[in-house]
Amino acid sequence: SIIDIRPQPSLRMHAVNVDGTFNVIRACKAAMGVRTLIYTSSLEVVSGTMADGTVAKLDGVDESVPIPASHNLPYAATKAEAERLILAANSTELRTCSVRPGYIVGPGSIGMRMEMARAKQRSDRYVSARVPAKISSVHPRNAALAHLLAAEQIEHPSVNGCCFFIKDFDANVVEMALDAFSRTPIQPLMLPLQLAYSLAWMLDRCDRLVHWWAGLWGREHTTTSDEVLDIKAVNMAYIDIIVSAERSQQILGYAPLVSKDECFEEARKWCEGAYAGLE
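Keep in mind it's a predicted model, so treat the numbers as computed, not measured. (Residues numbered from 1 in each chain as written. Predicted model: local features only at pLDDT ≥ 70, side-chain atom pairs only at ≥ 80, totals over all residues. Heavy atoms only, no water.)

## Side note on the packing of helix H1 (residues 12-30) against helix H2 (residues 74-88)
Where we set the bar: Here an angle of 0 to 180 degrees is reported between the N-to-C directions of two axes, which are lines fitted to C-alpha atoms, with helices fitted over the stretch in contact. Think of it this way: any DSSP run of H or I at least four residues long counts as a helix, any run of E at least two long counts as a strand, and we number them from the N terminus. In these notes the angle categories are as follows: under 35 degrees is roughly parallel, over 145 is roughly antiparallel, 65 to 115 is roughly perpendicular, and the rest is oblique. Residue contacts follow a heavy-atom distance rule, with two residues in contact if any of their heavy atoms lie within 4.5 Å. Three classes are used: nonpolar for Ala, Val, Leu, Ile, Met, Phe, Trp, Tyr, Cys and Pro, charged for Asp, Glu, Lys and Arg, and polar for all others, with Gly counted as polar.
At their nearest, the axes of H1 and H2 sit 9 Å apart, and the two run at 10° to each other. When the interaxial angle is binned, H1 and H2 end up roughly parallel. Touching Met13, His14, Asn17, Val18, Thr21, Phe22 and Ile25 of H1 are Pro74, Tyr75, Thr78, Lys79, Glu81, Ala82, Leu85 and Ile86, all from H2. Counted by class, the contact of H1 with H2 contains nine nonpolar, four polar and two charged residues.

Listed below in structure tokens is the structure:
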């Protein structure tokens, strides 16, 4: 999937995340002998605003929580739409299941990879703010294990056509990044939260204005920097996304292979090596 949290995300995100998922389903049905399809969704599919206008409160929710009427970010909306396609495709000919991993922490973490690249561009400065929100997180190997467990038990009625949250612990994204970068030359620059929010809001509005102006003249503006974030993404700094993994533990038999302490240690080692590769 493509993750794009800019004010005007790339059109490729919907084309890959949704249309690409449809193509995978169609290819599975057309191929001989493909009977199982396990989809990597996201816990963000349940984050957003309900039909009555209330913000979804995710404080340990399980899989019974409904998909919100609108999502915080277009990325989450594409993942929810793709998940609907996956679960609707479940049949006796093609068994499907959706795995919803938490925020990936550890070797290969996309979030940490992106932040390291940004820090490199800023003369080894990790610029952020101490946000209050926590998010359910998982080690990549543990997330992979959940996919295998789902595939092994896909014929069971409590697995096929169903979705499962996968998480190991709840933590703060900024604090995890600071810990992971501790063995690299990256130095933190923590802005006051209100200042960081104000700067993000101004960049968001300026970018939307540029897109509006370009559209007015019949042109397409495609040069938005990755530094510019959708203000809704910044708003999520105040919103906990905490889910329960009880269902995956009871039905799939999920138990993490990598502990929280091991996860953090692997994250430090990986960031140390990955940063050296940026030199």
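Following the structure, the description resumes.
## Focus on the nonpolar core
Put simply, the test is: The nonpolar core is taken to be a set of buried Ala, Val, Leu, Ile, Met, Phe, Trp, Tyr and Cys residues, with the residues joined through side-chain atoms within 4.5 Å. For every residue, the accessible area obtained with a 1.4 Å probe (protein chains only) is divided by the maximum for its type, and the residue is called buried under 20%, exposed over 50%, and partly exposed between those limits.
Counting residues in hydrophobic clusters, the biggest one holds 23 residues, and the most contacted among them are Met112, Met116, Tyr126, Met176, Phe181, Ile186 and Cys271. Elements supplying a minimum of two residues to this core: helix H3 (110-121), strand S10 (169-171), helix H5 (173-180) and helix H9 (260-278). Ranked by residue count, the leading element in this core is H9, at six residues. If we skip the residues at most four places from it in the chain, Met116 touches Phe181, Ile186, Trp270, Cys271, Ala274, Tyr275 and Leu278. Formed by 16 residues, the second largest nonpolar core is a distinct cluster that contains Leu43, Val61, Val65 and Ala233.

## Describing unusual backbone geometry
One non-glycine residue, Ser123, lies in the positive phi region at around 60°. With respect to the helices, strands and loops of the structure, Ser123 is situated in the loop between H3 and strand S7 (125-129). With a phi close to 65°, Asp124 is a non-glycine residue in the positive phi region.

## A look at H3
Using the following cut-off: A helix's residues, less one, multiplied by 1.5 Å, set its expected span. This arc is built from the directions going out from the helix axis to the C-beta atoms.
Its 12 residues place the ends of H3 17 Å apart at the C-alpha level, agreeing with the 16 Å of an ideal helix rising 1.5 Å per residue. Among all positions of H3, only Met112, Met116, Arg118 and Ala119 are buried. Buried residues of H3, viewed axially, fall in a sector of 165°; they line one side. Contacts made by the buried residues of H3 are with strand S6 (103-104), S7, H5 and H9. Looking at the residues trailing H3, positive phi occurs at Ser123, about 60°.

## Points about the packing of aromatic side chains
Basically, it comes down to this: We call Phe, Tyr and Trp rings a pair once their centres come within 6.5 Å, taking the six-membered ring for Trp, and we label the pair stacked below 30 degrees between planes, edge-to-face above 60, and tilted otherwise.
Inspection of every chain in the model, using the stated rule, returns four aromatic pairs. Where Tyr197 meets Tyr238, the ring centres are 6.2 Å apart and the plane angle is 70°; that geometry is what we call edge-to-face. Here Tyr197 is found in helix H6 (residues 193-216), whereas its partner Tyr238 is found in the loop between helix H7 (231-235) and strand S12 (241-243), with 41 residues between them in sequence. Under the relative-accessibility criterion, Tyr197 is labelled partly exposed at 23%. Among the residues examined, Tyr238 registers a relative accessible area of 38% and is labelled partly exposed. Arranged with centres 6.1 Å apart and planes meeting at 50°, the rings of Trp212 and Trp213 form a pair that is tilted.

## Things to note about the packing of H3 against H9
Counted only if it meets this: Crossing handedness is defined as follows: a turn of the near helix away from the far one that is anticlockwise and smaller than a right angle gives a left-handed crossing, while the clockwise case is right-handed.
Running from N to C, H3 and H9 cross one another at 45°; their axes reach a closest spacing of 11 Å. Here H3 lies oblique to H9, going by the angle between them. Of the two possible hands of crossing, H3 and H9 adopt the one that is right-handed. For the pair H3 and H9, the contacting residues are Met112, Arg113, Met116, Ala117 and Lys120 in the first and Ala267, Trp270, Cys271, Ala274, Tyr275 and Leu278 in the second.

## Description of H5
Since the α-helix advances by 3.6 residues per turn, residues separated by three or four positions end up pointing in the same direction. Threshold: Between N or O atoms, a polar contact is any pair within 3.5 Å; within protein, one atom must be a potential hydrogen donor and the other a potential acceptor, and residues adjacent in sequence are included only when both atoms are from side chains.
Buried within H5 we find Val174, Met176, Ala177, Leu178 and Ala180. A distance of 3.0 Å separates the backbone nitrogen of Val174 from a side-chain oxygen at the start of H5, and that oxygen is part of Asn172.

## Looking at the sheet that holds strand S1 (residues 36-40)
Strand pairing in a sheet relies on backbone hydrogen bonds. The paired strands run either parallel or antiparallel. To be explicit about the condition: What makes two strands pair is DSSP finding at least two bridges between them.
Pairing is parallel in the open sheet, where three strands are placed in the order S1-S5-S9. In this open sheet, the two edge strands, each paired with only one partner strand, are S1 and strand S9 (163-166). Adjacent strand axes in the sheet meet at a mean angle of 20° when their direction is disregarded. Note that S1 and strand S5 (residues 95-101) share five bridges and pair parallel. In the sheet register, Thr36 faces S5, and the bridge partner there is Arg95.

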